[in-house]
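Residue-level listing of the chains:
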Amino acid sequence: MRAVAESAPLLLERDAQLARASALLAGASAGRGAVVVVGGPAGIGKTELLAAVGQRAGVLGFRVLSARGRELEAEMAFAVVRQLVEAAVLSADARERRRLLAGPARVGAGALGLAAGAAPDSEFAAVHGLYWLCVNLAGRGPLLVTVDDVQWVDGPSLSWLGYFGRRAAELPVLVVVGVREGDPLARASSVGAVVNDPAVHRIGLLPLSADGVTELVRRDLGRAAGAGFCAACWELSGGNPLYVRELLAAARSEGLAGSADDVAALQAAAPAAVGTSVLARLARMGPEAVALARALAVLGSGYEVVVAAEMAGLDPVAAELAADRLAATHILAADRPLEFFHPLIREAVYADLAPGARRIAHRRAAAILDRAAAVDQVAVHLLAAGPAGDAWVAGRLTAAARTARERGAPEVAASYLRRALAEPPAVAASPALMLQLGEAEWYAGQSAAISHLEEALAGATDVPLIAAAAWALAYAYAVSDRADLAVAVLQRAIARVGAADPLLTLSLEAAAALVGVVDDRTAPAALRGVDHLRIRLDEVPDPPVHLLVVVAHVAVRRGQSPAEAERLLERALARTRYPPPLDTSTLIIVTLFGLEAFDMLQRLCNDMLTAARRRGAAQELTGIVSLSARILQRHGELADAEAQIRWVLERATGIYAIDALALLIETLIERDALEEADTELARTAPPLDSHSMMVPVYLTSRGRLRAAQGRNEEALADFLASGQRCERLGVIQGWPWRSEAAIVHALLGHAQEARRLARAEVAVARRFGRPRLLGAALRSQGLVEGGNRGLALLSEAVTVLERSRARVELARALTDYGAALRRAGQRSQARAPLERGLDLAYHCGARRIAGQARAELAAAGAKPRRDAITGRDALTASELRVARLAAEGLTNREIAQALFITGRTAKVHLNRVYHKLEITRRDQLASALTSPLDDTHERPGAAAAIS
């Protein structure tokens, strides 16, 4: 039987598998990518098949990237991705490197330390960037990516492999991974996410037949090897190619020629496993060969002889000759740098070392590699070395953890820091390391994070560390909806810092207030604290940012001093990094909403989005896009708001998920999609156990849906529950629960209570003086009061809302005003506001208001037009997102990068958009998507808002 490829002489009986891989290569060359999993037990020939596929791909013009999981590197960050792409990036000339690192790919390269100043802020940002780096590598021709021994691939690389593999179908890429079946690591969930995906193609490798083994034996021992001897090899090896080679190596060692008379000797020499044969063979080669093999087993593959020689205590020349002898007996490969012939051989040599000897050897390896290797290569050896109270060890592990965090691998950083603390470090250094560990675990989503942050705070003695640990722990508590504990932590830190650093104490007090005001359990005390802080604000020349923000926010929620609040926010933005990260700016943005300061708000959101997209910061993008969607909804761009918020809901967690759900419900109500809104509501358990300031928003939105459904008693209960939450939070204005409850009270016949609540809302809104809030309150009071008084209030509501950008609210007020005029017998006067209300509602996509306006016009004797679902309204949320970005001038690639989709998906959506809008060119998109009202009302930038 003949080999399939000359360069892979042991690739026997694999014609069908190679043919299948060749067909998939052809598909990838045509743009139909795929992922192939090659599985089988150790030694079955996976590596040889991957090599043959790589050779064939090279002939077909593919760029071939190859890597192998290594047991020792499983604790490193992106070790396998580095094997794949590092050489391609470093060998590129300046022009080609700019192309390869364009867009998010630069962040991906930063995760590997290949691009300065482009560190990712999370593992997702790194994975997303590395995906685009590989897309760019495939930009000049099809790409083959092979990863052998995927069971040993490091966690961050596995995350990338899964992300890349799920998108390979739309790229000119074939991904081939080899996995050792039967290895416990192959059953890990992270490996399973890659190899068990239903979309992958599977190629299984079976043992060789008796004919195949005969071919191997006769290649090795000569054609004179007898049939009986060959049959014995097949039986003893089970057809496993590696075991056949080990049998043949044992036969040569024993001087067997392959005759029938040698069968008994072969059976006596046959090992029970590969390791027995390897170790016996190695022992006969002398102490230098043993030392070199053991040194390499500890170091790991891929090192030059000179490094292994130092590790083994050998002269480099003697080591070179020993390596040649080891290669001749198939213990090492014939290549340089040094590699074992098969990972099983390395495992056998390594397992033969006593546990103590291994730990000592790894500590020696770390010291040797520290002179030239990257810090993470040193760290993996220190993980395997025994604790000895060595400050150098703790220092190198800490440095490696810092590098891992900078490259978007907090889980890896946490493993290094746990080992550094086990060394242990100097007593004085432990709290700082514990803080770093807790922060790394928090960002990695590990459950031990909070306990380690607590331990760090308890052990901290110097003032800056106390403050840093307190803030990190408080943030973790707050995000976990335990603001009461967060406030307590900060208060204890304030007591500990005290007069030692007055400015830092003030910053901690502001932080405690900032955390406290957003939770209904802690808000009352926090609000009292803000009153005290407000007095001190003028005493400090450069007040902390948190202090400026919390004072401004509380002023707005109380309905006080909007102009002063706006000035305080401008000072805060001037004193922090711009654009600020989301954790700093969330309350700023919420406060700007309350101020209706949409110009400042839109600039801030756009700048934050641009920065977050450049970094591929998905978590930040989710939060900012949610806020941008609320701007769009306020401006009456309901289709765009829905598109935005559905994108957010696919990714959001925590308070952003609550806010996004509430906004989607409101938007669907306006678009007259009540059944869909009810379905969305039912998908998520009510977050009523939460104490967040987002819960009143949720309750108000749910109440609006219940009211729209005619379930007035339930709606009123929600509005009143929202009011109770607002009262505990000290929110006087901002959540219009009074207006909503007043209307429902009136519908239920509770006229006195309806008037009381409506008048109270108007009084608050008049004091605050912002048009949207006041106009909506006047409309509610007008509906409740009725008669001439009601008509006057509705007319005033229209006048006030004309000064705002709240087009949906204006359409609603116009429609209610027209309806009130008709009911008062003024049918001709009613038509103008009703027609304008219908026009505004139609162009906002507010179908519910439009339906009401149309019915009222018909009752007034007019013949209103009927709406058709055409043009922009015919686009799906996904299509509208893509269309908005394309209209702003983004390319398909840039759209894909912004929305975390593939370029082909962006193209497919855009083709559908052209068809639905009845256009043929990209430059026609802007006008096709523009509402006639957009000329007079400034619209938020769609590209910046990731439509």
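Bear in mind the structure is a predicted one, so any value in this text is a computation, not a measurement. (Residues numbered from 1 in each chain as written. Predicted model: local features only at pLDDT ≥ 70, side-chain atom pairs only at ≥ 80, totals over all residues. Heavy atoms only, no water.)

**Student:** Just to check I follow, could you spell out the overall build of the chain for this structure?
**Tutor:** Of regular secondary structure, the chain possesses 48 helices and 5 strands. Summarising its shape, the C-alpha atoms of the chain cover approximately 120 × 70 × 50 Å along the three principal directions. Every one of the 947 residues in the chain was classed for burial, and the buried ones make up 57%. Within the chain, residue pairs in contact and separated by at least 24 positions form 67% of the contacts whose partners lie at least 6 positions apart. A total accessible area of about 37200 Å² is found for the chain, and carbon and sulfur atoms account for 53% of it. Each charge sign in the chain was given a centre, from 108 positive and 104 negative side chains, and these centres are 5 Å apart. (Helix = DSSP H or I, 4+ residues; strand = E, 2+ residues; numbered from the N terminus. Buried < 20%, exposed > 50% of the residue type's maximum accessible area, 1.4 Å probe, protein only. Contact = heavy atoms within 4.5 Å. Areas by Shrake-Rupley, 256 points an atom, 1.4 Å probe, with all protein chains shown as cover. Lys, Arg positive; Asp, Glu negative; His and termini not counted. Charge placed at Lys NZ, Arg CZ, Asp CG, Glu CD.)

**Student:** Any chance you could explain the sheet that holds strand β1 (residues 34-40) here in plain terms?
**Tutor:** As summarised here, the arrangement of the 5 strands in space is β2-β3-β4-β1-β5, forming an open sheet in which the pairing is parallel. The sheet terminates laterally at β2 (63-68) and β5 (201-204), the two strands that pair on one side only. If you compare each strand with its neighbour and ignore which way they point, the axes differ by 15° on average. Packed onto the sheet, helix α2 (residues 46-59) meets β1, β2, β3 (143-148), β4 (173-180) and β5 and runs at close to 170° relative to β3. (Pairing = 2+ DSSP bridges. Axes fitted to C-alpha atoms, helices over the stretch in contact; angles between N-to-C directions.)

**Student:** What should I look at first to understand the environment of L929 in this one?
**Tutor:** Tracing the backbone through its elements, the reader meets L929 in helix α48 (residues 925-929). On the accessibility criterion, L929 (1% relative accessible area) is buried. Among all residues touching L929, those that are not within four sequence positions of it are R872, L875, L880, A883, R884, A887 and L917.

**Student:** I keep staring at the pairing of β3 and nothing clicks. Help me out?
**Tutor:** A regular strand carries its side chains on alternate faces of the sheet. In terms of residue burial, β3 counts as a mostly covered element, since 6 of its 6 residues are buried. Of the two faces of β3, the one holding L143, V145 and V147 and the one holding L144, T146 and D148 are both buried throughout. As judged from the 6 bridges shared by β2 and β3, these two strands associate in the parallel manner. Of the residues in β3, the one forming a bridge with R68 is D148. The sheet contact formed by β3 and β4 spans 5 bridges and is parallel. When the bridges of β4 are listed, L143 appears paired with V173. Handedness of the β3-helix α7 (residues 155-167)-β4 crossover: right-handed. (Right-handed = clockwise from strand over helix to strand, strands pointing away.)

**Student:** What exactly am I supposed to notice about empty space enclosed by the protein here?
**Tutor:** Using a probe with the size of a water molecule, rolled over the atoms, empty space left in the structure can be pinpointed. Enumeration over the complete set of coordinates arrives at 8 cavities of 30 Å³ or more. Taken as a whole, the largest cavity holds about 190 Å³ of empty space. Looking at the largest cavity, it is lined by 15 residues, and the ones nearest its centre are R70, W152, S301, P343 and R346. Ranked by the residues each element gives to the lining of the largest cavity, the list is headed by helix α17 (residues 343-351), at 3 residues. Per-class residue counts for the lining of the largest cavity are 4 nonpolar, 4 polar and 7 charged. As a volume, the second largest cavity reaches approximately 80 Å³. Lining of the second largest cavity is provided by 14 residues; of these, G43, K46, T47, R68 and H342 occupy positions nearest its centre. (1 Å grid on protein atoms, 1.4 Å probe; cavity = no way out; pocket = protein on both sides within 12 Å on 5 of 7 lines; lining within 4 Å. Points joined across faces, edges and corners; volume = space filled by probe spheres on them. Nonpolar A, V, L, I, M, F, W, Y, C, P; charged D, E, K, R; others polar.)

**Student:** What is the right way to look at helix α10 (residues 227-237) in this model?
**Tutor:** Note: α-helices contain 3.6 residues per turn, so residues at a spacing of three or four share the same orientation. Listing the buried residues of α10 in full gives F229, C230, A232, C233 and S237. Within α10, the buried residues cover an arc of 160° as seen down the axis, which keeps them to one side. Counted as exposed and oriented over 90 degrees from the buried face of α10: A227 and E235. Contacts made by the buried residues of α10 are with α9 (210-221), α11 (241-253) and α12 (263-269). One or two positions beyond α10, positive phi appears at G238, with a value near 70°. (Arc of directions from axis to C-beta.)

**Student:** Explain the pattern of salt bridges here, please?
**Tutor:** Close approach of charged atoms allows side chains with opposite charge to pair. Summed over the entire model, instances satisfying the criterion amount to 61 salt bridges. Its salt-bridge partner being D370, residue R396 comes within 3.0 Å of it at the nearest N-O pair. A residue pair is termed long-range when its members are at least 10 positions apart, and R396 in helix α20 (residues 391-406) and D370 in the loop between α18 (355-369) and α19 (375-384) qualify at 26 residues. Exposure remark for D370: the relative accessible area of 25% places this residue in the partly exposed category. (Salt bridge = Lys/Arg side-chain N within 4 Å of Asp/Glu carboxyl O.)

**Student:** Can you walk me through helix α29 (residues 562-575) in this structure?
**Tutor:** Between its terminal C-alpha atoms α29 stretches 20 Å, which fits the 20 Å expected from 14 residues at 1.5 Å a residue. Taken together, the buried positions of α29 are P562, A565, L568, L569, A572 and L573. On an axial view of α29, the arc spanned by its buried residues comes to 135°, and they lie on one face. The outward face of α29, more than 90 degrees from its buried face, is lined by the exposed residues R567 and A574. (Expected span 1.5 Å × (residues − 1).)

**Student:** I keep staring at the state of the cysteines and nothing clicks. Help me out?
**Tutor:** The bond known as a disulfide is covalent and runs between the sulfur atoms of two cysteines. Using the criterion set out here, one finds 0 disulfides in the structure. Take C605: it sits in no disulfide, and the sulfur closest to it among the cysteines is that of C844, at 20 Å. With a relative accessible area of 3%, C844 lands in the buried category. (Disulfide = S-S within 2.5 Å.)

**Student:** Mind showing me how you'd approach the packing of α29 against helix α30 (residues 582-595) here?
**Tutor:** The contact between α29 and α30 brings their axes to 11 Å, and the two run at 150°. Compared by their axis directions, α29 and α30 come out roughly antiparallel. The way α29 lies across α30 gives a crossing that is left-handed. Only I588, T591, L592 and L595 of α30 make contact with α29, whose side of the interface consists of P562, A565, E566, L569 and L573. Residues that form the contact of α29 with α30 fall into these classes: 7 nonpolar, 1 polar and 1 charged. (Parallel < 35°, antiparallel > 145°, perpendicular 65-115°, else oblique. Left-handed = near helix turned anticlockwise from the far one by under 90°.)

**Student:** Sorry, what's going on with the packing of aromatic side chains here?
**Tutor:** Any aromatic ring pair is given by two values, namely how distant the centres are and how the planes are angled relative to each other. Counted by the stated rule, this structure contains 8 aromatic pairs. Ring centres of F124 and F900 lie 5.2 Å apart, and the angle between their planes is 65°; this geometry places the pair in the edge-to-face category. Note that F124 is positioned in helix α6 (residues 123-137) and F900 in the loop between α46 (892-899) and α47 (903-917), a separation of 776 residues in sequence. The structure contains a cluster of three or more aromatic residues connected by ring pairs, namely F124, Y131, W132, W160, Y163, F164, W647 and F900. Its end group placed over the ring of Y163, R167 keeps NZ or CZ at 3.6 Å from the ring centre. The ring of Y350 has R346 sitting right over it, with the charged end atom 4.5 Å from the ring centre. (Phe/Tyr/Trp six-rings, centres within 6.5 Å; stacked < 30°, edge-to-face > 60°. Lys NZ or Arg CZ within 6 Å of the ring centre and 35° of its normal.)

**Student:** Help me understand the pairing of β4 in this model?
**Tutor:** Burial of β4 is extensive: 8 of the 8 residues sit out of reach of the surface. Burial of the side chains of β4 extends over both faces: V173, V175, V177 and V179 are buried on one face and L174, V176, G178 and R180 on the other. Inspection of the sheet shows β1 paired to β4 by 7 bridges, in the parallel sense. Within the sheet, the bridge partner assigned to V37 lies in β4 and is V177.

**Student:** Please clarify how the environment of Y817 should be interpreted in this entry.
**Tutor:** Looking at where Y817 falls in the secondary structure, it is placed in helix α42 (residues 807-823). Since its relative accessible area comes to 19%, Y817 is described here as buried. Taking C-alpha positions, Y817 is 6.8 Å from L791, a pair spaced 26 residues apart along the chain.

**Student:** Where do I start with the side chain of R881 in this structure?
**Tutor:** For R881, the location among the structural elements is in helix α45 (residues 877-887). At 3.0 Å, the side chain of R881 forms a polar contact with the side chain of S878. (Polar contact = N/O pair within 3.5 Å; in protein donor to acceptor, adjacent residues only side chain to side chain.)

**Student:** What should I look at first to understand unusual backbone geometry in this one?
**Tutor:** Glycine aside, a negative phi is what most residues show, and trans is what most peptide bonds show. In this structure, P337 follows R336 across a cis peptide bond, with omega equal to 0°. Mapped onto the elements, P337 comes out in the loop between α16 (316-328) and α17. For the bond from Y578 to P579, the omega torsion is -5°, close enough to zero to count as cis. Its identity as a non-glycine residue notwithstanding, F78 has a phi of 60°, on the positive side. Take F78: it is sitting in the loop between β2 and α3 (79-91). By relative accessible area, which is 0% here, F78 ends up buried.

**Student:** What is the right way to read the packing of α42 against helix α43 (residues 827-844) from this model?
**Tutor:** At a closest axis distance of 8 Å, the pairing of α42 and α43 adopts a crossing angle of 155°. As the angle between them shows, α42 and α43 are arranged roughly antiparallel. In the packing of α42 onto α43, the handedness of the crossing is left-handed. Contacts from R807, V808, L810, A811, L814, T815, Y817, G818, A819, L821 and R822 of α42 reach α43 at R827, Q829, A830, P833, L834, R836, G837, L840, A841 and C844. For the contact of α42 with α43, the per-class residue count stands at 13 nonpolar, 4 polar and 4 charged.

By themselves, these observations are geometric and do not establish any function.
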